[in-house]
Amino acid sequence: MDRVSAFDEPLKKLLGGATAKVMAEHLDLHTVGDLLHHYPRRYEERGQLTALTDLPLDEHVTVVAQVADARIMVFNNGRGKRLEVTLTDGSGRLQLVFFGHGVHKPHKELLPGRRAMFAGKVSVFNRKMQLAHPTYQLLDTADADEATEAVDAFAGRLLPIYPACKQLDSWRIAKAVDTVLPSARDAVDPLPLPLREGRGFTPLPEALLKIHRPQTKADIADARDRLKWDEAFIMQVALARRRYADTQLPAVARRPGHGRLLDAFDAKLPFTLTEGQEKVSKEIFDDLATEHPMHRLLQGEVGSGKTMVALRAMLAVVDAGGQAAMLAPTEVLAQQHHRSITEMMGELAEGGMLGGSDLGTKVVLLTGSMGMAARRQALLDLVTGEAGIVIGTHALIEDKVQFHDLGLVVVDEQHRFGVEQRDALRSRGKQPPHLLVMTATPIPRTVAMTVFGDLETSVLDQLPAGRSPIASHVVPAKDKPHFLSRAWERVREEVGNGHQAYVVCPRIGDDADDEAEKKNRKKAAEKAAGDDGEKRPPLAVLEIAEQLTKGALAGLRIEVLHGRMNPDDKDEVMRRFAAGQVDVLVATTVIEVGVNVPNATAMVIMDADRFGVSQLHQLRGRVGRGSAAGLCLLVSEAHEASPARARLSAVAATLDGFELSRIDLEQRREGDVLGQAQSGVRTSLRMLSVIDDEEVIAAAREEAVTIVAADPELVRLPELRTALAALLDKEREEYLDKG
């Protein structure tokens, strides 16, 4: 068998159809290579019993313990039998229960004093932890070959415990691994020899043997170091090759001229740019001046002035004879960007119009809900080049939209916009346009290096002068109802001082919403009950607006805003709110990004525990945008000791978005953060933790860049090329391609 095909061998050839089928369906393991990369979750030490006191509820576990006692209970007038077995490990006790015909075999085998491995799902019955109908394997009988093997395995110093499923226990997975383990010696080592020796790594075949059958804890550490590095390195090589390929694409260099649009704009700015804005602008202008496409991620705290940086980049491209497009995830945000950019530019946004500046250009809006006449004019302005800047939603990437010379694409809030859409927009230019991706969701460095690894990163982390701090407080509505009354008083006080407020709710509360809510009620109630016993549906915009109008905020001008309103109505409400004609805006998270009303100083977030940490931080960024201090009140009925309340307390305690993103990441782990769209990346990370292994990822990125610069096609590294092909199946390749 040659070295590559050993790992590609289907499991059913070696393990039999039934076991292979379970592995494929429940653990996504199909080949010898898949199983060899299914690493133990932890290890039991010989003689050390799992602490029964620490068992996680509702999880499938494997325990090694001793039978303390076993008894048959008869019920239903003798027609029913139940075997109850008590296990002990010296620290705690665990109940096993077997019913019906399933009691006979365990009753004979599970005698007091017997030691065995047990696997099952932990549940609670009569306030006691129990495993119902667990599978088990005796560890102290020598009369059967299977038991002897188990004893031998257990007598080995460390017993691997594998991620298992109901249909296949850890030790049965261990036996399957034993069958395929000889193939580990055929593993193709992807690391170039100088790198492997320079960093003192164990060869890959040896690392696989050590991770599955370690003799010592040092073996485990060695193997983990090596296997983590492989995952980080191969991923970073893929991303480095993607970046290298981008540098080979042709693009038109856009060098801004002097004495033109950008200079005129800068001259009329009523404030000076922050150091951060100057630095990031220089990075962007340097990229724009090259003859390959810029691919840059601009991270900026809420309110750090990203839009200003993006606008100056767009003006520089217009100066250089090109056009710039800004893409927003929602119509509300596109309209908001259009309004704020035309206000910032003044007569410079009225090129060719009466009263417009000779240096100016036209700034047009293009959204799906525009009237035909306005839309036709916008399309004409784009194709003739009359409009230098266009702002819109995904309507911008429809086939009929033609540009005169598209030079720069700015994508706002990348995480809300599909990678296919971003890619489609990039293909709109004659040559690939430069690309600037903006996000106000702070992304920890490791995630940026992994998820956005094909983009260079710029960070804006200082707030512009004049921005006010935001005070945040948790309002425990259930425990202390008078706190909620005080919250509404504070809103009245802010309005009394000439300011405005937002009230945010998780749900709309209209007919369509209620229908969906009925379907999700049970699921939502179960989830909420897991946190703090809450069973009611989330609070809704329409209900809360009505309650406030009649009650706590009676007499104030209250309006609602949500995603299912007619776009013109939405824009009209936002316009009136921005003009100060509305005191309190009751809205969904449609206001989460980009809405800029400096006079809004207070925000009350209802059922705040229903939102994620990053989302709360984004929402909070809508207040404190002017000279007056901001106030954010997080209303929750979650119990004081619940994880939900801990999240809210973390948000209230810091305004540092990067710190919050770390907390968010630790609580959710990478599966949620990398998201479904990036499942290819996630499933390839078996050993590496995006959260904890920053140094490994950073070092792997450096090595990857050096190797790809010297040999972009990896001609001299066929083993690395093979490993890359194995990692990047079609789905992952496409994901990485689009970022």
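Remember, it's a predicted structure, so these values are computed and weren't measured experimentally. (Residues numbered from 1 in each chain as written. Predicted model: local features only at pLDDT ≥ 70, side-chain atom pairs only at ≥ 80, totals over all residues. Heavy atoms only, no water.)

**Quick look at the overall build of the protein**
Reasoning step 1: When helices and strands are counted, the protein shows 28 helices and 21 strands.
Reasoning step 2: Expressed as a percentage of contacts within the protein between residues at least 6 apart in sequence, the contacts between residues at least 24 apart total 73%.
Reasoning step 3: Taken as a whole, the protein presents about 32,800 Å² of accessible surface, with 51% of it coming from carbon and sulfur. (Helix = DSSP H or I, 4+ residues; strand = E, 2+ residues; numbered from the N terminus. Contact = heavy atoms within 4.5 Å. Areas by Shrake-Rupley, 256 points an atom, 1.4 Å probe, with all protein chains shown as cover.)

**Examining the sheet that holds strand β19 (residues 584–587)**
Reasoning step 1: Reading across the sheet, the six strands line up as β16-β21-β20-β17-β19-β18 and stay open at both edges, with parallel pairing between neighbours. In this open sheet, the two strands that pair with only one neighbour each are β16 (470–476) and β18 (558–561). Across the sheet, the mean angle from the axis of one strand to that of its neighbour is 20°, orientation sign disregarded.
Reasoning step 2: Alignment of strand β17 (residues 500–504) against strand β20 (residues 600–605), held across five bridges, turns out to be parallel. Pairing of Ala501 across the sheet is with Ala602, part of β20.
Reasoning step 3: With respect to the sheet, helix α23 (residues 643–653) is in contact with β16 and β21 (630–636), its orientation differing from that of β16 by roughly 160°. (Pairing = 2+ DSSP bridges. Axes fitted to C-alpha atoms, helices over the stretch in contact; angles between N-to-C directions.)

**Let's talk about empty space enclosed by the protein**
Reasoning step 1: The tally for this structure, following the rule as stated, stands at one cavity of 30 Å³ or more.
Reasoning step 2: Along the walls of the largest cavity sit Ala251, Val252, Arg254, Leu406, Gly407, Gln431, Pro432, Pro433 and His434, which together make up its complete lining.
Reasoning step 3: For the lining of the largest cavity, the residue count by class is five nonpolar, three polar and one charged. (1 Å grid on protein atoms, 1.4 Å probe; cavity = no way out; pocket = protein on both sides within 12 Å on 5 of 7 lines; lining within 4 Å. Points joined across faces, edges and corners; volume = space filled by probe spheres on them. Nonpolar A, V, L, I, M, F, W, Y, C, P; charged D, E, K, R; others polar.)

**Some thoughts on the packing of helix α13 (residues 306–319) against helix α14 (residues 331–345)**
Reasoning step 1: The geometry of α13 relative to α14 is characterised by a closest axis approach of 12 Å and an angle of 70° between their N-to-C directions. With respect to each other, α13 and α14 are oriented roughly perpendicular. The interaxial crossing formed by α13 with α14 has right-handed handedness. For the pair formed by α13 and α14, the contact residues are Thr307, Met308, Leu311, Met314 and Leu315 on the first element and His337, Ile341, Met344 and Met345 on the second.
Reasoning step 2: Each residue belonging to the contact of α13 with α14 can be placed in one class, and the counts come to seven nonpolar, two polar and no charged. (Parallel < 35°, antiparallel > 145°, perpendicular 65-115°, else oblique. Left-handed = near helix turned anticlockwise from the far one by under 90°.)

**What about the pairing of strand β9 (residues 295–300)?**
Reasoning step 1: Burial analysis of β9 places six of its six residues in the buried class, which makes it a mostly covered element.
Reasoning step 2: With burial as the criterion, each face of β9 is covered, one bearing His295, Leu297 and Gln299 and the other bearing Arg296, Leu298 and Gly300.
Reasoning step 3: Looking at chain direction, β9 and strand β14 (residues 434–439) are connected through five bridges and run parallel. Bridged to His295 within β14 is Leu435. (Buried < 20%, exposed > 50% of the residue type's maximum accessible area, 1.4 Å probe, protein only.)

**Things to note about the nonpolar core**
Reasoning step 1: Formed by 39 residues in total, the largest nonpolar core has its most connected members in Met314, Met345, Ile389 and Leu408.
Reasoning step 2: Broken down by element, this core gets its largest block of residues, 10 residues, from α13.
Reasoning step 3: Every residue in contact with Ile389, bar those within four places of it in the chain, is listed here: Leu311, Met314, Leu315, Val318, Ala324, Met345, Lys362, Val363 and Val364.
Reasoning step 4: Within the second largest apolar cluster, 33 residues are counted, among which are Val22, Ile211, Ala223 and Met687. (Core = buried A, V, L, I, M, F, W, Y, C linked by side-chain atoms within 4.5 Å.)

**Observations concerning the pairing of β21**
Reasoning step 1: The buried count for β21 comes to seven of seven residues, which makes it a mostly enclosed element.
Reasoning step 2: Burial of the side chains of β21 extends over both faces: Gly630, Cys632, Leu634 and Ser636 are buried on one face and Leu631, Leu633 and Val635 on the other.
Reasoning step 3: Summarising the sheet, β16 and β21 pair through seven bridges and their orientation is parallel. When the sheet's bridge partners are listed, Val474 is paired in β21 with Leu634.
Reasoning step 4: Of the pairings in the sheet, the one linking β20 to β21 comprises four bridges and is parallel in character.

**Considerations on the environment of Ala264**
Reasoning step 1: Tracing the backbone through its elements, the reader meets Ala264 in helix α11 (residues 261–267).
Reasoning step 2: The spacing of Ala264 and Gly360 is 96 residues in sequence and 8.9 Å in space, taken between C-alpha atoms.

**Here's the deal with the sheet that holds strand β12 (residues 387–392)**
Strand pairing in a sheet relies on backbone hydrogen bonds, with the paired strands running either antiparallel or parallel.
Reasoning step 1: Overall, parallel pairing links the seven strands, which are arranged β11-β12-β10-β13-β14-β9-β15 in an open sheet. Where the open sheet ends on each side, the last strands, each with one partner, are β11 (362–366) and β15 (456–460). Averaged over all adjacent pairs, the angle separating strand axes in this sheet is 20°, with direction ignored.
Reasoning step 2: One ladder, built from five bridges, connects strand β13 (residues 406–412) with β14; its direction is parallel. Across the sheet, Val410 pairs through a bridge with Leu436, a residue of β14.

**Overview of the confidence of the model for the protein**
Reasoning step 1: For the protein, per-residue confidence averages 80 on the pLDDT scale, and 81% of positions sit at 70 or higher.
Reasoning step 2: Counted against residues more than four places away or in other chains, residues 524–534, with its pLDDT under 50, gives 18 contacts.
Reasoning step 3: Low confidence marks residues 730–739, where pLDDT is under 50. Its contacts with residues over four positions away, or in another chain, come to 31 contacts. (pLDDT = per-residue confidence, 0-100.)

**Concerning the pattern of salt bridges**
Reasoning step 1: Counted under the stated rule, the structure contains 35 salt bridges.
Reasoning step 2: One salt bridge connects Arg226 with Asp189, and the closest N-O pair in it is separated by 2.7 Å. Residue Arg226 is located in helix α10 (residues 217–248), and its partner Asp189 is located in the loop between α7 (170–180) and α8 (193–198); the two are separated by 37 residues in the primary sequence.
Reasoning step 3: The residue Arg339 makes a salt bridge to Asp571 at a minimum N-O spacing of 3.1 Å. A residue pair is termed long-range when its members are at least 10 positions apart, and Arg339 in helix α14 and Asp571 in helix α21 (residues 567–578) qualify at 232 residues.
Reasoning step 4: The class for Asp571 is partly exposed, based on a relative accessible area of 23%. (Salt bridge = Lys/Arg side-chain N within 4 Å of Asp/Glu carboxyl O.)

**Some thoughts on helix α26 (residues 694–710)**
Reasoning step 1: Along its 17 residues, α26 runs 25 Å from first to last C-alpha, staying within 8% of the 24 Å computed at 1.5 Å per residue.
Reasoning step 2: All buried positions along α26 are accounted for by Ile697, Ala698, Ala699, Ala700, Arg701, Ala704, Ile707 and Val708. (Expected span 1.5 Å × (residues − 1).)

**Things to note about the packing of aromatic side chains**
Reasoning step 1: Counted by the stated rule, this structure contains five aromatic pairs.
Reasoning step 2: Both rings, one in Phe118 and one in Tyr136, keep their centres 6.1 Å apart while their planes meet at 40°; by these two values the pair is tilted. Here Tyr136 lies in strand β7 (residues 135–138) and Phe118 lies in strand β5 (residues 115–125), a separation of 18 residues in the sequence. With respect to class, Phe118 is no different from Tyr136; both count as buried. (Phe/Tyr/Trp six-rings, centres within 6.5 Å; stacked < 30°, edge-to-face > 60°.)

**Re unusual backbone geometry**
Reasoning step 1: Positioned with a positive phi, Asp28 is a non-glycine residue whose angle comes to about 60°.
Reasoning step 2: By relative accessible area, Asp28 is classed as partly exposed at 48%.
Reasoning step 3: The backbone phi angle of Leu714 is positive, close to 55°, even though this residue is not glycine.
Reasoning step 4: Examined against the element boundaries, Leu714 turns out to sit in the loop between α26 and α27 (718–727).

**Describing the packing of helix α12 (residues 275–288) against α13**
Reasoning step 1: Look at α12 against α13: their axes get within 10 Å of each other, and the N-to-C directions meet at 35°. In this structure, α12 meets α13 at a crossing whose hand is right-handed. Here Gln277, Val280, Ser281, Ile284, Phe285 and Leu288 of α12 come into contact with α13, specifically with Met308, Val309, Arg312, Ala313, Ala316 and Val317.
Reasoning step 2: Classifying every residue of the contact of α12 with α13 by side-chain character gives nine nonpolar, two polar and one charged.

**Examining the environment of Glu543**
Reasoning step 1: With respect to the element layout, Glu543 can be found in helix α20 (residues 541–550).
Reasoning step 2: Taking the C-alpha atoms as reference points, Glu543 and Cys505, 38 residues apart in sequence, are found 9.7 Å from one another.

**Regarding the environment of Val447**
Reasoning step 1: Turning to its location among the elements, Val447 is positioned in helix α17 (residues 445–451).
Reasoning step 2: Judged by its relative accessible area of 4%, Val447 falls in the buried class.

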